[in-house]
Amino acid sequence: MGLGELSNSANMSLSAREMEIIDLVASGLTNQEIAVRLTISKRTVDNHVSNMFTKTGSKNRVALLNWAMDHGKICRDGFNCCSLPDAPSSDE
């Protein structure tokens, strides 16, 4: 696999299920806890996380979450959110 192919794989979009899982990873859940929450096996969660590592070029969960924030996939503590906070009212 050439360098160009690797960078192309990093641009692949995540599935709806992968987005659901990445949000739960961002919430601090373990793969086992995610499996219970989604009523799927831990092995299935492991596979989804592994696939996300491959798609994003991430080597671990921290790198995966950094990728997700950089690409606007998750929002934490008001940073990288798609919607802007409401402007203060001029009535105040």
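The residue numbers shown here count from 1 along each chain, following its written sequence. Only residues with pLDDT of at least 70 get local features here, since the model is predicted, and only at 80 or more are side-chain atom pairs given and counted; chain-wide, interface and lining totals rely on the full set of residues. The side-chain numbers reported here are obtained from all heavy atoms of the structure, hydrogens and water having been left aside.

Asks: Help me out: how do you make sense of the packing of helix 3 (residues 31–38) against helix 4 (residues 42–56) in this one?
Replies: Helices that pack against each other are described as a pair by the angle of their axes relative to one another and the distance between those axes. Note on method: axes are straight lines fitted to C-alpha atoms, helices fitted across the in-contact stretch only, with angles between N-to-C directions ranging 0 to 180 degrees. A run of DSSP states H or I qualifies as a helix once it reaches four residues; a run of E qualifies as a strand once it reaches two. Both are numbered from the N-terminal end. Contact pair helix 3 / helix 4: the axes reach a minimum separation of 8 Å and the direction vectors enclose 115°. If you check the angle between helix 3 and helix 4, you find them roughly perpendicular. As for the relative orientation of helix 3 and helix 4, their crossing is right-handed in sense. Touching Asn 31, Gln 32, Ile 34 and Ala 35 of helix 3 are Lys 42, Val 45, Asp 46 and Val 49, all from helix 4. Classifying every residue of the contact of helix 3 with helix 4 gives four nonpolar, two polar and two charged. Orientation is classified from the angle alone, with under 35 degrees giving roughly parallel, over 145 giving roughly antiparallel, 65 to 115 giving roughly perpendicular, and any other angle giving oblique. Left-handed is the label given to a crossing in which the near helix is rotated counterclockwise from the far helix by less than a right angle, and right-handed is the label when the rotation is clockwise. Throughout, a residue-residue contact means that at least one pair of heavy atoms, one from each residue, lies within 4.5 Å. Asp, Glu, Lys and Arg are counted as charged, while Ala, Val, Leu, Ile, Met, Phe, Trp, Tyr, Cys and Pro are counted as nonpolar; the rest, among them Gly, fall into the polar class.

Asks: Looking at this structure, how should I read the nonpolar core?
Replies: One broad rule of soluble globular proteins: the nonpolar side chains tend to lie buried together. Joining through side-chain atoms within 4.5 Å is the link that ties buried Ala, Val, Leu, Ile, Met, Phe, Trp, Tyr and Cys residues into a set, and such a set is a nonpolar core. For the exposure calls, accessible area comes from a 1.4 Å probe over protein chains only, and a residue counts as buried if that area is under 20% of its type's maximum, exposed if over 50%, partly exposed in between. One finds Ile 21, Ile 22, Ile 34, Val 45, Met 52, Leu 65 and Ile 74 to be the most contacted residues of the largest nonpolar core, which totals 18 residues. Mapped by element, the contributors of at least two residues to this core are helix 2 (16–26), helix 3, helix 4 and helix 5 (61–70). Ranked by residue count, the leading element in this core is helix 2, at five residues.

Asks: What is the right way to read the pattern of salt bridges from this model?
Replies: When their charged atoms lie close together, side chains carrying opposite charge are able to pair. The salt bridge definition used is simple: a Lys or Arg side-chain nitrogen within 4 Å of an Asp or Glu carboxyl oxygen. For the structure on display, the rule yields three salt bridges. A salt bridge links Asp 46 to Lys 42; its shortest N-O distance comes to 2.9 Å. Of this pair, Asp 46 and Lys 42 are both found in helix 4, four residues apart, which corresponds to roughly one turn of the helix.

Asks: Could you clarify how one ought to interpret unusual backbone geometry in this entry?
Replies: In this structure, Thr 39 is a non-glycine residue whose phi angle is positive, near 50°. Within the secondary structure layout, Thr 39 lies in the loop between helix 3 and helix 4. Residue Thr 39 is classed as exposed on the basis of its relative accessible area, which comes to 70%.

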